[in-house]
Amino acid sequence: MKLTMKRRDFCRGAVLSLGAVIAPARVAGAGSRTRATLYKSPQCDCCEGYAAYLRKHGFAVEVVTTHELARISRNAGVPEAMQGCHTTFIEGYVVDGHVPIGAIRKLLAERPAVAGITLPGMPDGSPGMSGRKQGPFRIYAVHKNGAAPTLYTVE
């Protein structure tokens, strides 16, 4: 007995089979986005811009409004003079201020023994901020032991 199949039926079956293989991979990938929790003061609007920047780069960001931002940063190991306008926690690290994605990716890839990184203040042209970048950003590593922050080199 010879079985015959029309090209249309074959193509339909092939597409459905391929979809069964690809769809679960997409669902699994969608759930594996790195989670970030961003704490901001109620008066700050640029923090929402930074949250959008992180989302654009694949992070799942929860924004929490608080009046305790300075305390949260300080408790995370960020000295007052090194604080930015928001504090984000990503995979056990603190990321304070408008830190560019390259520095965050380096931090998460290398996993150094630090509390996290910070870009103090609100530099023009930094992610989430308006204006033009005036020069290289000075990003610092903050240490768990309370040692003075050190320059964090991003290549």
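Residues numbered from 1 in each chain as written. Predicted model: local features only at pLDDT ≥ 70, side-chain atom pairs only at ≥ 80, totals over all residues. Heavy atoms only, no water.

> What exactly am I supposed to notice about the packing of aromatic side chains here?
For any two aromatic rings, the description comes down to two numbers: the centre-to-centre distance and the angle of the planes. On inspection of all chains with the given rule, the structure shows two aromatic pairs. For the pair Tyr-39 and Phe-89, a centre-to-centre distance of 5.9 Å together with 80° between the ring planes defines the contact as edge-to-face. Here the residue Tyr-39 occupies a position in strand 1 (residues 34-40), and Phe-89 occupies one in strand 3 (residues 86-90), the gap between them amounting to 50 residues. Residue Tyr-39 is classed as partly exposed on the basis of its relative accessible area, which comes to 22%. Against the face of Tyr-152 rests Lys-106, its NZ or CZ located 4.6 Å from the ring centre. (Phe/Tyr/Trp six-rings, centres within 6.5 Å; stacked < 30°, edge-to-face > 60°. Helix = DSSP H or I, 4+ residues; strand = E, 2+ residues; numbered from the N terminus. Buried < 20%, exposed > 50% of the residue type's maximum accessible area, 1.4 Å probe, protein only. Lys NZ or Arg CZ within 6 Å of the ring centre and 35° of its normal.)

> Even after reading the chapter, I still don't get the pattern of salt bridges, so can you show me in this structure?
Pairs may arise between side chains of opposite charge once their charged atoms sit close together. Enumeration according to the criterion identifies two salt bridges in this entry. Note that Glu-68 is salt-bridged to Arg-71, the shortest N-O span being 3.2 Å. Residue classification places Arg-71 among the partly exposed positions, given a relative accessible area of 38%. Of the charged contacts, one joins Glu-91 and Arg-111 as a salt bridge, the two residues approaching to 2.1 Å between their closest N and O atoms. Of this pair, Glu-91 sits in the loop between strand 3 and strand 4 (93-97) while Arg-111 is found in the loop between helix 4 (101-110) and strand 5 (116-119), placing the two residues 20 residues apart along the sequence. Look at Arg-111 and you get partly exposed, because its relative accessible area is 41%. (Salt bridge = Lys/Arg side-chain N within 4 Å of Asp/Glu carboxyl O.)

> How should the nonpolar core be read in this particular structure?
The nonpolar side chains of a soluble globular protein tend to be buried, and buried together. Core analysis: the largest hydrophobic core is formed by 28 residues, its most contacted members being Tyr-50, Leu-54, Phe-59, Val-95, Val-99, Ile-104 and Ile-117. For this core, the secondary-structure elements that each account for two or more residues are strand 1, helix 2 (46-56), strand 2 (59-65), strand 4, helix 4 and strand 5. Per-element accounting of this core gives the leading share, six residues, to helix 2. Ala-76, Val-78, Val-94 and Tyr-140 belong to the second-largest nonpolar core, a separate cluster that totals seven residues. (Core = buried A, V, L, I, M, F, W, Y, C linked by side-chain atoms within 4.5 Å.)

> What's the story with the pairing of strand 5 in this structure? I'm lost.
The side chains of a regular strand alternate between the sheet's two faces. Every second residue of strand 5 is oriented toward a common face, with Gly-116 and Thr-118 on one face and Ile-117 and Leu-119 on the other, all of them buried. The sheet contact formed by strand 4 and strand 5 spans four bridges and is parallel. Pairing of Asp-96 across the sheet is with Thr-118, part of strand 5. Crossover handedness for the path strand 4 to helix 4 to strand 5: left-handed. Relative to strand 6 (residues 140-142), strand 5 is paired through three bridges, and the arrangement is antiparallel. Paired with Ile-117 across the two strands is Ala-141, which belongs to strand 6. (Pairing = 2+ DSSP bridges. Right-handed = clockwise from strand over helix to strand, strands pointing away.)

> What am I meant to see in the confidence of the model for the protein here?
For residues with low pLDDT, the predicted coordinates do not support detailed interpretation. The predicted model of the protein averages 82 in pLDDT, with 79% of residues at 70 or higher. Overall, residues 10-30 carries pLDDT values under 50, and its contacts beyond four positions in sequence, including any with other chains, amount to two contacts. (pLDDT = per-residue confidence, 0-100. Contact = heavy atoms within 4.5 Å.)

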